[in-house]
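Spelled out from the first residue to the last, the chains are:
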Amino acid sequence: MALTVVRDTEGAVLGPAALTAVTEALAEHRPVTVIVPSMRAALDARRTLARAGIGVGVDVTCPVPWADALWGRLGDGTALARGADVTATAWKVLGGNALMDGRPESAGVYPGYVDVVATLAGTFSAQLPAAVAAAGDALSPQQRDACTMALALADALVARGISTRSRVFEELPDALAAHPGEALCALVAAGWEDLDASQARLFGRLAARVGLTWAASAHPGAAGDAARACEAAVASEAALADASVSEAPARAAVPAPPRSPELQALLGSVFGGGGAVEPTGSVRLLEAAGPEAEPELVARELARLAEAGAERVLLVTRDPREVWRTVSPKASNRGIAVRASWVEPASDLRATRQFLAFVEQLSAIAAAASQWRLDRAAEGAPDAAAAAEEVLSASVEADRSWWPPRAVTDFLLSELSGLPRDIVFSLDAAWRQNRALSPAAVLSDVARVATQSEPLARTVELVAAGDWAGAARALRPNAQTARDREAHQALCAVEDACVAVDGLFGDGLDPHARLTVLASVLSRMGVARSPERGRYGEAQRCTVEILDPARAASTPPGSVEDVLLCGQTAAEDPISAPHDAVHGLLGLLGLARPAAPDAVARARAWHVWAAPTHGLAVERSLRDASAEATHPSPLFAELLSCYRERPETVTLGEERVSKNLSPQGREPEPSGFVPPLEVGTLSGRAAHLAVMRSDVAGDVPVVSATDLETYLGCPRRWFLERAVPADRLDADFSGLDRGSFAHGVLERTGRELQAQGSFERGLAGDVLSRVFDGAVASAPTGQGPAAGFMPHSVSEESQVRHLKDQLLATLDRNEGSFVGFTPRLFEQTFGNPGQDPVTYAGVRVRGTIDRVDVDARGRAAVIDYKSGNSGGSRYRPEAADDLSSWVPGNIQALLYARVLPQVAPGLDPVAAVYLTTGDDPGVGGMAERGFAESMEGAYRGKTPNVVTPDHVAAASFEDVLARAEEVAAEAVASMAAGHVEPRPRDRWACMGCPAVACEKRIDR
Ligand code: SF4
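Here the structure is a predicted model, which means the values were calculated and not measured.

A.B. asks: Quick question: what am I supposed to make of the overall build of the protein here?
C.D. replies: Check the secondary structure of the protein and you find 39 helices and 27 strands. Against the compact-globule benchmark of 30 Å for 1004 residues, the protein has a radius of gyration of 39 Å, which places it well outside the compact range. Dimensions of the protein along its principal axes, counting C-alpha atoms only, are 125 × 70 × 50 Å. Taken over 1004 residues, the protein has a buried fraction of 52%. In the protein, the share of contacts with a sequence separation of at least 24, taken over all contacts with a separation of at least 6, comes to 77%. Taken as a whole, the protein presents about 42,600 Å² of accessible surface, with 52% of it coming from carbon and sulfur. Computed over 96 positive and 128 negative side-chain charges, the separation of the two mean positions in the protein equals 2 Å.

A.B. asks: Sorry if this is basic, but what is going on with the packing of aromatic side chains here?
C.D. replies: For any pair of aromatic rings, geometry is given as the distance between the ring centres together with the angle between the planes. Applying the stated criterion across every chain yields a total of twelve aromatic pairs. Centre to centre, the rings of Phe830 and Tyr896 are 5.9 Å apart; their planes meet at 85 degrees, and the pair counts as edge-to-face. Of this pair, Phe830 sits in strand β21 (residues 822-830) while Tyr896 sits in helix α36 (residues 892-903); the two residues are 66 residues apart in sequence, bridging distant segments of the chain. Of the two residues examined, Phe830 and Tyr896, each falls in the buried class. Among the aromatic side chains, those forming a connected cluster through ring pairs are Trp192, Phe203 and Trp214. The aromatic ring of Trp468 is capped on one face by Arg514, whose charged end is 3.8 Å from the ring centroid.

A.B. asks: Explain the sheet that holds strand β8 (residues 244-247) here, please?
C.D. replies: In a beta sheet, neighbouring strands pair by backbone hydrogen bonds and run either parallel or antiparallel. Strand order across the open sheet formed by six strands is β3-β2-β6-β7-β1-β8, with parallel pairing between neighbours. With one partner strand each, in any of the chains shown, β3 (58-61) and β8 form the two edges of the open sheet. When strand polarity is set aside, the average angle formed by the axes of neighbouring strands in this sheet is 20 degrees. Here helix α1 (residues 16-27) sits on the sheet in contact with β1 (2-8), β2 (32-35), β3, β6 (186-190) and β7 (212-217), set at roughly 130 degrees to β1.

A.B. asks: Help me understand the environment of Cys185, please; the structure alone is not making it clear to me.
C.D. replies: Assignment of secondary structure puts Cys185 in the loop between α10 (180-183) and β6. Sequence separation between Cys185 and Ala617 is 432 residues; the distance between their C-alpha atoms is 43 Å. Excluding residues within four positions of it along the chain, Cys185 makes contact with Arg30, Pro31, Val32 and Thr33.

A.B. asks: In this structure, what is going on with the site of the ligand? I would like to understand it.
C.D. replies: By nearness alone, every residue bordering the ligand is listed as Cys714, Arg716, Arg717, Pro984, Ala989, Cys990, Cys993, Ala995, Cys998, Lys1000 and Arg1001. Of all the secondary-structure elements, those providing two or more residues to the shell around the ligand are α32 (715-723) and α39 (987-990). The residue inventory of the shell around the ligand, partitioned by class, reads seven nonpolar, no polar and four charged.

A.B. asks: In this structure, what is going on with the pattern of salt bridges? I would like to understand it.
C.D. replies: Overall, the coordinates contain 63 salt bridges when judged by the stated rule. In this structure, Arg325 and Glu322 form a salt bridge, with 2.7 Å as the shortest nitrogen-oxygen distance. With a gap of three residues between them, Arg325 and Glu322 both fall in helix α15 (residues 320-333), about one helical turn apart. Overall, Arg325 belongs to the exposed group, its relative accessible area being 54%. Its salt-bridge partner being Arg963, residue Glu966 comes within 2.8 Å of it at the nearest N-O pair. On the criterion of helical spacing, the pair formed by Glu966 and Arg963 is a turn pair, its members being three residues apart in helix α38 (residues 957-976). Where salt bridges share partners, they join Glu170, Asp174, Arg201, Arg205, Arg209 and Glu237 into one cluster.

A.B. asks: Looking at this structure, how should I read unusual backbone geometry?
C.D. replies: With glycine set apart, most residues show a phi of negative sign, and most peptide bonds adopt trans. Cis rather than trans, the peptide bond between Trp403 and Pro404 has omega equal to -10 degrees. Secondary-structure assignment places Pro404 in the loop between α17 (384-397) and α18 (406-413). We note that His29 has phi near 60 degrees; this positive angle belongs to a residue other than glycine. Position of His29 among the secondary structure elements: in the loop between α1 and β2. Even without being glycine, Ala627 reaches a positive phi, approximately 65 degrees.

A.B. asks: For this particular structure, what's the right way to read the packing of helix α33 (residues 735-756) against helix α35 (residues 794-814)?
C.D. replies: When two helices pack together, their arrangement is given by the angle between their axes and by how far apart the axes lie. It is the contact of α33 with α35, at a shortest axis distance of 11 Å, that shows an interaxial angle of 45 degrees. In terms of orientation, α33 lies oblique with respect to α35. In the crossing of α33 with α35, the sense of the turn from one axis to the other is right-handed. Where α33 approaches α35, its residues Arg738, Phe741, Ala742, Val745 and Leu746 are matched on the opposing element by Gln799, Leu803 and Leu807. Looking at the contact of α33 with α35 residue by residue, the classes come out as six nonpolar, one polar and one charged.

A.B. asks: How should the nonpolar core be read in this particular structure?
C.D. replies: It is characteristic of soluble globular proteins that their nonpolar side chains tend to be buried jointly. Core analysis: the largest hydrophobic core is formed by 137 residues, its most contacted members being Leu120, Phe355, Leu412, Leu589 and Phe931. Ranked by residue count, the leading element in this core is helix α23 (residues 485-505), at eleven residues. By size, the runner-up hydrophobic cluster in this structure holds 52 residues, among which are Val843, Leu894, Tyr896 and Val952.

A.B. asks: Could you clarify how one ought to interpret the side chain of Thr543 in this entry?
C.D. replies: Relative to the helices and strands, Thr543 resides in strand β15 (residues 543-547). With near-sequence residues (within four places) excluded, Thr543 lies in contact with Glu311, Arg312, Val313, Ala337 and Arg339.

A.B. asks: I'm lost on the state of the cysteines in this one. Help?
C.D. replies: Linking two cysteines covalently through their sulfur atoms gives a disulfide. On inspection of all chains with the given rule, the structure shows zero disulfides. With no disulfide partner, Cys230 has as its closest neighbouring cysteine sulfur the one in Cys62, 15 Å distant.

A.B. asks: Honestly, the pairing of strand β23 (residues 843-854) in this entry has me stumped. Any pointers?
C.D. replies: In terms of burial, β23 is a largely internal element, ten of the twelve residues being buried. Strand direction decides the pairing type here: β21 and β23, joined by seven bridges, are antiparallel. Bridge assignment links Thr829 to a residue of β23, and that residue is Thr848. Pairing geometry for β23 and strand β24 (residues 859-866), over four bridges, is antiparallel. Bridging across to β24, Val852 finds its partner in Val862. Where β23 folds back on β24, the antiparallel hairpin that results is connected by four residues, among which Gly858 adopts a positive phi of roughly 85 degrees.

A.B. asks: Would you mind showing me how to read the confidence of the model for the protein here?
C.D. replies: Low pLDDT marks regions whose predicted coordinates should not be analysed in detail. Per-residue confidence for the protein gives a mean pLDDT of 89; residues scoring 70 or more make up 93%. Across the protein, element-level confidence peaks in strand β9 (residues 283-288) with a mean pLDDT of 97 and bottoms out in strand β19 (residues 696-697) with 51.

A.B. asks: Honestly, helix α28 (residues 634-641) in this entry has me stumped. Any pointers?
C.D. replies: Counting along an α-helix, one turn takes 3.6 residues, and residues three or four places apart therefore face a common direction. Residues Leu635, Phe636 and Leu639 constitute the buried set of α28. Along α28, the residues classed as buried sweep out an arc of 105 degrees about the axis, all on the same side. The inward-facing, buried residues of α28 contact α13 (261-269), β9, α27 (597-610) and β17 (612-621).

A.B. asks: For this particular structure, what's the right way to read helix α7 (residues 128-135)?
C.D. replies: By the burial criterion, the buried members of α7 are Leu128, Ala131, Val132 and Ala135. The buried residues of α7 all sit within an arc of 100 degrees when viewed along its axis, so they share a single face. Away from its buried face by more than 90 degrees, α7 exposes Ala130, Ala133 and Ala134. Looking at the buried positions of α7, the neighbouring elements they touch are α6 (111-124), α8 (141-159) and α26 (581-588).

A.B. asks: Would you mind showing me how to read the sheet that holds strand β10 (residues 312-316) here?
C.D. replies: With mixed pairing, the eight strands of this open sheet are ordered in space as β14-β11-β15-β10-β16-β17-β9-β18. Looking along the sheet, the strands with just one partner apiece sit at the ends: β14 (532-533) and β18 (648-652). The sheet contact formed by β10 and β15 spans five bridges and is parallel. Of the residues in β15, the one forming a bridge with Leu315 is Ile546.

Conventions we followed
- Residues numbered from 1 in each chain as written.
- Predicted model: local features only at pLDDT ≥ 70, side-chain atom pairs only at ≥ 80, totals over all residues.
- Heavy atoms only, no water.
- Helix = DSSP H or I, 4+ residues; strand = E, 2+ residues; numbered from the N terminus.
- Rg over C-alpha atoms; globule rule 2.2 N^0.38 Å.
- Buried < 20%, exposed > 50% of the residue type's maximum accessible area, 1.4 Å probe, protein only.
- Contact = heavy atoms within 4.5 Å.
- Areas by Shrake-Rupley, 256 points an atom, 1.4 Å probe, with all protein chains shown as cover.
- Lys, Arg positive; Asp, Glu negative; His and termini not counted.
- Charge placed at Lys NZ, Arg CZ, Asp CG, Glu CD.
- Phe/Tyr/Trp six-rings, centres within 6.5 Å; stacked < 30°, edge-to-face > 60°.
- Lys NZ or Arg CZ within 6 Å of the ring centre and 35° of its normal.
- Pairing = 2+ DSSP bridges.
- Axes fitted to C-alpha atoms, helices over the stretch in contact; angles between N-to-C directions.
- Near = heavy atom within 4 Å.
- Nonpolar A, V, L, I, M, F, W, Y, C, P; charged D, E, K, R; others polar.
- Salt bridge = Lys/Arg side-chain N within 4 Å of Asp/Glu carboxyl O.
- Parallel < 35°, antiparallel > 145°, perpendicular 65-115°, else oblique.
- Left-handed = near helix turned anticlockwise from the far one by under 90°.
- Core = buried A, V, L, I, M, F, W, Y, C linked by side-chain atoms within 4.5 Å.
- Disulfide = S-S within 2.5 Å.
- pLDDT = per-residue confidence, 0-100.
- Arc of directions from axis to C-beta.

Here is the structure:
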């Protein structure tokens, strides 16, 4: 048998040479199979055949599907291996049983090495023995090991009834020759400009066994070098297989398709020294100032082409997925229909990542649940102190690598889960705020919400049972309901991969190892993506097809009106040989691809430039994402070198960000105007919203004591923290959590002492210790004041212990301070919905009074706990000579004292003090003379910072409270007027303020 080489110079998949070979075979009444490099090329070839009036009797296919179909009929009963089979078996062969109980790394197996072995076995197993022998000492021991393992892998596959692609390619020519009926079919290979060594060998051996026509449609210049290199490689393999090689006369060139003179001149000049093409507008350069401007620049060019009447435009890019993401919404908004196609590793699909992350985290949480001892740590402890110790150490030792369970939340938020988003948001907030969250609680929450989506409920059950393939299958209805084709493809790929992996390893694989193997298998499974977007029918202006250069290369010359070539920078479209381990090894084995990378790139570029009849636009960004200047790609430079003068150039800057980002390419219409905050005043609705928020009673704002306190400290800080607050996402063991825990302990201690009728120091210390320990011990239940205060580390654990010491020291320091007064009210709330309204400074107020101590005459001291270390000095009011000009530094306790008669009728306020609970406990504030004087000497070891009304030139405590209310009324009016300028009262006001780069900040 023979290899017959026929050539033309058209540079098409099916040029005159291939068409003649097909028609001659048909004339002999032989069916014809045309083997082309890709499915895209097959589609273009079928169109060419249809235009030539040839349809019946010709099959156009690619090597693997052709071989698969024939091997099923003529092979030895084994199946052609899929990528998933080869990779999964490679893990089994390389990792062996070590994978079953350990992590893949501990077995010395890594995805990169598995990739090398799987590629060698899948593509070259039949050629490896001879290639390794020929390479001799050129191979390192590691490379030789990789080849040995690849051959072991091929054997393992055969033992499973699976043949590698390489084995099928090797055996198929003989099998065909053994079946004369099959051998009748004429084989024509066409459109090849890039192939690997096993494909070259297949074609050579086919020529030797059943005969093959090699149709080479190669440009006579450098653009045809790749096709000629492939032809030479196939001829060499045919000769090695004892085929005669003959050359048919070259077919006459067909007339060039009608294209613009500039494009015709460009094709005549390119790769030949050039420099003579006159720009006439057929070739345009699009230059974006940076990546942000690129999509808009491309979309504008597409709109211009559509406006000019173009019906079909080819958009060629190395990254069709990214161009689809960024350009297609803009194009469809301009009435242009867009299609794209690319092949993507299944592991990169969004739904694959979400599903696997969900499965991994849910499995980890289930594993953590079986080890979790925190909720049982206090069981059997003899007393509260021992129980608290157990809980603290169990909490620090607990595995919380899953907390907060973000992967679970992300999956539940996706459309795949089928859950309403508000349910998931509430669940997420609850999980993230609970530092005592247990894995069992997460599993129970997930099972509970999953009842709202039957597929999700089934998926959760199957994940728990370890059936990940079933879990992926169970979710498919949700992907269908969401009309998410990509998600459906991802779930099918995951299911296939799980079946392949589980079929080999059973259900005993360590979950981490199982995920590693799955990810590796999925990374070698290609998923064809072909999304469409835009208007079709009468509203359609033109159709844009987004392709990569390899797929675009099969477009017949002169078959589209316009081509737009994107991303022509050296970084985005380089020409270089791959330098990975596989390619290095293949080079040493003599199995490198016959056509050099630069020859392949030139051939593809020529096809893209030859495709349009009307115009070619070439786009690049002048700066990259790091604002570094870019360099033109080699082929872009080649194109420019053909010109006498620079072609027409269109530019777009990055300064109009919203315009460049908008799908319509227009500045968004303003829906309102908010004056810049720098002026320090909100107006109209903004001011109204800031003050009123949701806390209103009728049209009267409800203001908290903390609001007023913060506003008086600094209006801007109030605006940032209170009027437009940003909620904390995660409970973070902050001062706020510490403060609320301390408040809770002090409240419970006070109530218990009150119930026992004694506040004696010894008893108080015992009760506080017990309450504190009890709160810590009960924290794992998620109830009580310590729920948000669970230590996750040794340093947090020491903070819990330290807080207990601080609170006991506060008791010591405070003992006997308020002579004749006894605690009566604890954490007394007021002004909240359901409670009587409380008015102050002309508005409704609400708040919580930490403690009220009362004497036998009904005189009351209002006490507010603070966690600072100032010994109370921070809360000592500034002195004043004139009450009317005095402004209280802290208004909270004064406000509480003023409203106390409304909150607890019958009580007469005589003191408004702050009790600090930090390292240096103390008291500060304002009180009637008798109360303040009673503290002198009684306050253990410290001078109290409680002053009398004289201090601010007031006649009575009542006058002080009245003045404070006046100041509060002014603050409320200022708030309502929208004044939010930065105006710090003192350095304390700025401490911990979230304002960024505030020029008024007082640092010390
Ligand atoms: S840093 Fe100080 S002045 Fe600036 S907003 Fe915050 S509190 Fe006000």
